[in-house]
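Residue strings, one per chain:
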Amino acid sequence: MDLKQRIAERLDTAHATLVGLSHAMYDHPEPGFEEHKASAWLGELLVEAGFTVERGVCDLPTAFVATYGSGPLRIAFDAEYDCLPGIGHACGHNVIAATSAGAAIAAAAVADELGLTVKVIGTPAQELGGGKILMLERGAFDGIHAVLMAHPGPLDVAETVTLAMSHFDVEYRGRESHASMFPENGLNALDALTTAQVSLGLLRQQMRSTDRVHGVVRHGGDAPHVIPHQVTAEYMVRAADIGELHALEARVRDCFQAGALASGTSMELRPYHPPYAEQRQDAELLALYKVNAIAVGRTFPDLDPSLVRRAAGASDFGNVSHVVPAIQPSLGLDSFPAVPHQADFAAHTVTPVADRAIREGAAALAGTAVDAALVPELRARLTAASFGSATAGETGR
């Protein structure tokens, strides 16, 4: 029987379970580092499929590494499962988790014949925590030859782009006073943030088209007649690559410092996690994915590359892609006008279209793993350039 046909049959058997997982995650969204249900459900599903699952790897309670087989070519499927605050799975991580699990289960059906070790790496806190960066630093990706995943979006897009991104907290501290009786005795921390925001607005004239600065105020004061003495905000800065990010960050920091200087307050800027790097997709693996995706019924619209670059987010998957050959194409949910990070997009992740995308995305990813194993030159390149040691990769520590 043809290898791709066996993948298809395995997915036919698993599809209802995978859809059930996606819908359960949608019904029970969990934020970063708190994905206890999702992590447990994924682990249980993979154990039932014959995988060995190590939970709580890298000193992260909701991280895991699942393994099937012992072949010399080690391919991992990345699973994300955290939600967004307030709007649930509006980035479709429930679909990612189900698709990656399905791809691994399907690839496991032919792993022994192809000399494959199939892994699922469960990575928490993509949205607001950089879980993959922690796992990368702590050895979870050691010995892996390729990492594959597909991310939901409005359309199928192979050549996706992500930006480099930093994420930080800004705190101003001044001095409280009665805003009417003795305003001269106060140092207004909210004025500091206002000045910084005006400075950022003026900076935008000199920003590149791929630069982004955006944030929210976490605490702006306690009462209108008390001069705010402590104000906090949370911001993100993005750029096309790490080098441009560092240059933009320096100017953004100056804008926040300007607020402190103008108001006489003090300012502290605290990163939440190391910067997310821009994504590097492996061209050969991506070409194989596209062929496999078309073969199972996916269609890729002819988009202007500038539009693809314009609609770019950020992911800690980018950091992984700098050290391990990786792909992260977009898996279309036919959701327009709803787009990621909207509540309407979350609703699209549990439609019949999304349920079908789970199966087809899993088939395309598993097919990519099969082809990587069968193309001698590609297999040789991947195995020659593995990151870290195979021993460390087996433990996920």
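My aim in this report is to walk through the structure given alongside it, one point at a time. (Residues numbered from 1 in each chain as written. Predicted model: local features only at pLDDT ≥ 70, side-chain atom pairs only at ≥ 80, totals over all residues. Heavy atoms only, no water.)

1. Looking at the overall build of the chain
For the chain, the helix and strand inventory stands at 14 helices and 12 strands. The C-alpha radius of gyration computed for the chain amounts to 23 Å, which stays within 12% of the reference 21 Å derived for 397 residues, consistent with globular compactness. A principal-axis box enclosing the C-alpha atoms of the chain has dimensions of 85 × 45 × 35 Å. Expressed as a percentage of its 397 residues, the buried residues of the chain come to 55%. (Helix = DSSP H or I, 4+ residues; strand = E, 2+ residues; numbered from the N terminus. Rg over C-alpha atoms; globule rule 2.2 N^0.38 Å. Buried < 20%, exposed > 50% of the residue type's maximum accessible area, 1.4 Å probe, protein only.)

2. Quick notes on the packing of aromatic side chains
Here the structure, examined in full by the defined rule, presents 4 aromatic pairs. Measuring from ring centre to ring centre gives 5.5 Å for Phe 51 and Tyr 68, while their planes differ by 50°; the resulting arrangement is tilted. With Phe 51 in the loop between helix 2 (36-48) and strand 1 (52-55) and Tyr 68 in strand 2 (residues 64-68), the pair connects residues that are 17 residues apart, well separated along the chain. Taking relative accessible area as the criterion, Tyr 68 reaches 24% and is therefore assigned partly exposed. Taken together through their ring pairs, the aromatic side chains of Phe 168, Tyr 235 and Phe 256 make up a single cluster. Here the basic side chain of Lys 290 rests over the ring of Phe 300, its NZ or CZ set 5.3 Å away from the ring centre. (Phe/Tyr/Trp six-rings, centres within 6.5 Å; stacked < 30°, edge-to-face > 60°. Lys NZ or Arg CZ within 6 Å of the ring centre and 35° of its normal.)

3. Description of the pattern of salt bridges
One pass over the structure, following the stated rule, counts 18 salt bridges. One salt bridge in this structure joins Asp 371 and Lys 4, with 3.2 Å as the shortest N-O distance. Placement of Asp 371 in helix 12 (residues 352-374) and of Lys 4 in helix 1 (residues 3-27) is noted, with a sequence separation of 367 residues between them. Taking relative accessible area as the criterion, Lys 4 reaches 31% and is therefore assigned partly exposed. Salt-bridge contacts for Arg 381 lead to Glu 284; the nearest nitrogen and oxygen are separated by 2.9 Å. Here Arg 381, found in helix 13 (residues 376-384), pairs with Glu 284, found in helix 8 (residues 283-295); they are 97 residues apart in sequence, far enough to count as distant. A relative accessible area of 31% places Arg 381 in the partly exposed class. You can call Glu 284 partly exposed: its relative accessible area is 39%. (Salt bridge = Lys/Arg side-chain N within 4 Å of Asp/Glu carboxyl O.)

4. Some points on helix 7 (residues 242-263)
Given a rise of 1.5 Å per residue, 22 residues ought to cover 32 Å, and the 32 Å separating the end C-alpha atoms of helix 7 matches this to within 8%. Residues of helix 7 that are buried include every one of Leu 245, Leu 248, Val 252, Cys 255, Phe 256, Gly 259, Ala 260 and Ser 263, and no others. The arc enclosing the buried residues of helix 7, seen along the axis, measures out at 140°, which places them on a common side. Exposed and oriented more than 90 degrees from the buried face of helix 7 are Asp 254, Leu 261 and Ala 262. Where helix 7 is buried, its residues contact strand 7 (164-173), helix 6 (189-203), strand 8 (212-219), strand 9 (230-239) and strand 10 (266-271). You can read the cap of helix 7 off the contacts: a side-chain oxygen lies 3.1 Å from the backbone nitrogen of Gly 243, and it is on Asp 241. Remark: Gly 264 follows helix 7 within two positions and exhibits a positive phi of approximately 75°. (Expected span 1.5 Å × (residues − 1). Arc of directions from axis to C-beta. Contact = heavy atoms within 4.5 Å. Polar contact = N/O pair within 3.5 Å; in protein donor to acceptor, adjacent residues only side chain to side chain.)

5. Regarding the nonpolar core
Buried together is how nonpolar side chains tend to be arranged in soluble globular proteins. Among the nonpolar cores identified, the biggest contains 65 residues, and Leu 46, Phe 51, Ile 75, Phe 77 and Tyr 289 are the most heavily contacted of them. With 12 residues, helix 12 is the largest single contributor of residues to this core. Filtering out sequence-adjacent residues up to four positions away, Phe 51 remains in contact with Leu 46, Ala 66, Thr 67, Tyr 68, Ala 104, Ile 105, Ala 108 and Val 118. Within the second largest apolar cluster, 25 residues are counted, among which are Ala 164, Phe 168, Leu 245 and Phe 256. (Core = buried A, V, L, I, M, F, W, Y, C linked by side-chain atoms within 4.5 Å.)

6. Concerning the packing of helix 6 against helix 7
Between two packed helices, both the angle of their axes relative to each other and the distance between the axes serve to describe the pair. One way to put it is that helix 6 packs onto helix 7 with a least axis distance of 7 Å and a crossing angle of 140°. Along this stretch, helix 6 crosses helix 7, giving a crossing that reads as right-handed. The residues of helix 7 that touch helix 6, namely those facing Ala 192, Leu 193, Thr 195, Ala 196, Ser 199, Leu 200 and Leu 203, are Leu 248, Arg 251, Val 252, Cys 255, Phe 256, Ala 258, Gly 259, Ala 260, Ala 262 and Ser 263. A per-class count over the contact of helix 6 with helix 7 returns 12 nonpolar, 4 polar and 1 charged. (Axes fitted to C-alpha atoms, helices over the stretch in contact; angles between N-to-C directions. Left-handed = near helix turned anticlockwise from the far one by under 90°. Nonpolar A, V, L, I, M, F, W, Y, C, P; charged D, E, K, R; others polar.)

7. Looking at unusual backbone geometry
Phi is mostly negative for residues that are not glycine, and the peptide bonds are mostly trans. With an omega of 10°, the peptide bond running from Phe 336 to Pro 337 counts as cis. When you line up the elements, Pro 337 lands in the loop between strand 12 (330-332) and helix 11 (343-348). Within the chain, Phe 33 stands out as a residue other than glycine whose phi angle is a positive 70°. Counting through the fold element by element, Phe 33 comes out in the loop between helix 1 and helix 2. For Phe 33, a relative accessible area of 31% corresponds to the partly exposed category. Of note in this structure, Cys 58 is not a glycine but carries a positive phi near 60°. Along the chain, Cys 58 falls in the loop between strand 1 and strand 2. The buried category is assigned to Cys 58, whose relative accessible area is 2%.

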